[in-house]
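Read off the chains here:
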Amino acid sequence: MTQEQALDVLVIGAGSGGYIASIRAGQLGLKVACVEANPYADPKGEPRPGGTCLNVGCIPSKALLSSSEEFEKIEKHAAAHGIRVAGATMDVPAMIARKDAIVTKMAQGIEYLFRKNKVAYLKGRANILGRADAGFRVSITRAGSTQEVTARNLVIATGSLPRQLPGIAVDNMDVCDNSGALDWRSVPRRIAIIGAGVIGLELGSVWRRLGSQVTVVEALPQLLPMCDADVGREMLKLLTAQGMDFRFGARVMALERAGDGALKLSYADAGGASQSLACDKLVVAAGRVPTTAGLGLDTVGVRITERGFVDVDEHCRTSVEGVYAIGDVVRGPMLAHKAEDEGVMVMERIAGQAGHVNYDAIPSIIYTSPEIAWVGRTEQALKDAGIEYRAGKFPFTANGRALGNGDTSGFVKVLADKKTDAVLGVHIVSTYASEMIGEATMAIEFRAAAEDIGRISHAHPTLYEAMREASLAAGTGALNL
Ligand code: FAD
Ligand code: NAD
């Protein structure tokens, strides 16, 4: 079947980037369709929108993080408040069903938004066939039947997939990537995780709180090298105290199944000696790779970088006019909000507006307990760039709300330009760092000075008063320290 009138734009992929781009296109009056081949089907077996983030990423992981945190609070922290609870247990299938219900509800929400914004939702696998006078020709195949659409512009939003390691076959039963580790029906006794990155720490936290013994095997010599060094040091101390076991500088060698059904992961330690680790479940969380295979990008000549990403400029234009790419399939952090921001930018530019993303003001969050959040540059990056700065740090031990909450771990650190006082970076370790980073992101986006934050009235008692205090500490001095 060939569609009669060419679309203004076809979006390939209905993940964070693709679905938001499609909605924005509809709002701007563009004739838009979004195609999704999602392997994560809804209960009726239909390809479900939402991509990695909704189906096997941000949303389900945060649901399980929240459930496991509630459990740990009751089990370990209630007594400090004078609450006596005996024999709390976790009904894991109920926890998983809650998570699944949230995902289903949100996927229905996307389909509703598509209808509301006149986005045609096409289910199937897209393959670019080439170029005709009317635009790019794309086939969409599902269950043996194929339709063809033509679009003047294409937005590639095909996302990423978990990195596979040689010799370690993921079956999502015992040897899992993020998909499998979000779906266990009971608490494994011993979990080994390859990769102390964001997924390793978040999913490791979920199952550790529920009682698993978690060991993380990491190739690099340190935790979270992309974070400010203070944050990495603090989190290593806190996560180790919570019971996570880290093996740094490890080179994974092989995975075998022992006679008793357990898994045996062999690795060379930092000194080169052979080690082995017995576990009941293995999680491979060693990064993600962009999804470009089988998409037909070569038929129109879209350039791919050496690392396999679609090559784009700062406005997400590829090497071919009329073809854009956004989200995990292009350079930059693999974050849902970055993908969304790029989707909005691209559609505004297709509609003739001046869409723009400020890549210096994209916040990052790791949802451990306490949470880690940062925006802007680290101290190391400022030193490397030869930028003179002042640092102000404020610990939650001196924050009244944190004391009342019963969690004084962490700090806020503000880095400000030595000459202009402009905020260059903010790094937070705190129970609600994910919410507090909003103020810091706004400060960087609006080029605020640290003094501005210090002079803004901050409600008391709140955790975000620490943001004001750290800003003051970068200047004339904190008030409460
Ligand atoms: P995706 O969401 O991967 O969507 C791409 C879509 O394209 C997929 O649905 C795929 O099926 C479809 N597709 C691919 N090829 C084709 C084709 N040929 N035809 C049709 N459709 C196709 N980010 C955050 O910001 N915060 C978090 O808390 C967070 N937590 C995460 C937790 C986990 C466990 C994981 C794995 C990731 C997490 N992320 C988080 C990252 C986030 O999920 C991604 O950055 C985000 O999903 C990227 O969006 P995207 O649109 O680029 O790609
Ligand atoms: P990651 O890049 O965060 O961490 C992967 C880790 O695995 C790294 O520390 C790396 O050194 C290590 N590693 C790689 N190969 C290894 C090997 N062979 N042996 C031992 N260690 C090895 O990747 P991830 O945790 O898989 O997450 C993928 C992406 O998903 C991230 O880029 C992140 O942006 C995104 N994500 C974001 C969030 C969030 O925003 N809260 C949550 C989860 C995932």
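These numbers come from a predicted model, not from an experiment.

Caption draft 1: Summary view of the site of ligand 2. Around ligand 2, a shell composed of 21 residues is seen, among which Ile199, Glu202, Glu218, Met334 and Ile365 lie nearest. Within the side chain of Glu202, an N or O atom sits 2.9 Å from a nitrogen atom of ligand 2. Taking Ala219, its main chain carries an N or O atom lying 3.1 Å from a nitrogen atom of ligand 2. Across the complex, the protein chains shield 75% of the 840 Å² of accessible surface that ligand 2 would expose by itself. Looking at the shell around ligand 2 element by element, the count peaks at 3 residues for helix H6 (residues 198-209).

Caption draft 2: Examining the state of the cysteines more closely. Inspection of the entire model under this criterion finds 1 disulfide. Between Cys53 and Cys58 runs a disulfide, and the two sulfur atoms are separated by 2.4 Å. Judged by the torsion about the S-S bond (-135°), the Cys53/Cys58 disulfide is left-handed. On the basis of relative accessibility, which here comes to 15%, the residue Cys53 falls in the buried class. As a non-bridged cysteine, Cys279 has Cys176 as the owner of its nearest cysteine sulfur, 10 Å distant. Looking at Cys279, the relative accessible area reads 1%, which means it is buried. The thiol of Cys316 is unpaired, and the distance to the nearest cysteine sulfur, on Cys34, comes to 16 Å.

Caption draft 3: Up close: the packing of aromatic side chains. Summed over all chains, the structure comprises 3 aromatic pairs. Seen from their ring centres, Phe246 and Phe248 are 5.6 Å apart, and the 10° between their planes marks the pair as stacked. Accessibility expressed as a relative area gives 13% for Phe246, which makes it buried.

Caption draft 4: Region of interest: the packing of helix H3 (residues 58-77) against H6. It is at 8 Å that the axes of H3 and H6 come closest, and there the two elements cross at 35°. For H3 against H6, the interelement crossing comes out left-handed. Here H3 contributes Ser61, Lys62, Leu64, Leu65, Ser68, Glu69, Phe71, Glu72, Glu75 and Lys76 to the contact with H6, which in turn contributes Glu202, Leu203, Ser205, Val206, Arg208 and Arg209.

Caption draft 5: Quick look at the pairing of strand S22 (residues 423-430). The element S22 is largely enclosed, with a buried count of 7 among its 8 residues. Strand direction decides the pairing type here: strand S19 (residues 371-376) and S22, joined by 6 bridges, are antiparallel. For Gly376, the partnering residue across the bridge sits in S22 and is Gly425. Relative to S22, strand S21 (residues 411-417) runs antiparallel, the two being bridged by 6 bridges. Counterpart to Ala416 in the pairing with S22 is Val423. The turn joining S21 and S22, which pair antiparallel and follow one another in sequence, is formed by 5 residues; a positive phi near 70° is taken by Asp421.

Rules behind the numbers
Here the residue numbers are simple positions, counted from 1 along each chain's written sequence. All chains are assigned letters beginning with A, and all ligands numbers beginning with 1, in the order in which they are written. Under the rules for a predicted model, residues below a pLDDT of 70 receive no local features and side-chain atom pairs below 80 are neither given nor counted, while totals for whole chains, interfaces and linings still include all residues. Side-chain descriptors were evaluated using all non-hydrogen atoms of the structure, hydrogens and water having been removed beforehand. The rule for a residue being near a molecule or strand is that one of its heavy atoms must lie within 4 Å of it. Within 3.5 Å is the distance limit for a polar contact, defined as a pair of N or O atoms, with the added protein rule that one can donate a hydrogen and the other accept it, and that residues adjacent in sequence qualify only through two side-chain atoms. Computed with the Shrake-Rupley method and a 1.4 Å probe, the accessible areas treat only the protein chains shown as cover for residues. For the purposes of this entry, the term helix denotes a DSSP run of H or I that reaches at least four residues, the term strand denotes a run of E that reaches at least two, and both are numbered from the N terminus. Note on disulfides: each one is a pair of cysteine sulfur atoms within 2.5 Å. To sort residues, take the accessible area from a 1.4 Å probe on protein chains only and compare it with the maximum for the residue type: under 20% means buried, over 50% means exposed, and anything in between is partly exposed. Between the rings of Phe, Tyr and Trp (Trp by its six-membered ring), a pair exists once the centres lie within 6.5 Å; its type follows the angle of the planes, with under 30 degrees stacked, over 60 edge-to-face, and the other angles tilted. All axes are obtained by fitting lines to C-alpha atoms, using only the stretch in contact for helices, and the reported angles, taken between N-to-C directions, cover 0 to 180 degrees. Two helices crossing with the near one rotated counterclockwise from the far one by less than a right angle form a left-handed crossing, whereas a clockwise rotation gives a right-handed crossing. In this description, contact between two residues means that some pair of their heavy atoms is separated by no more than 4.5 Å. Pairs of strands are assigned from DSSP output, requiring at least two bridges between the strands.

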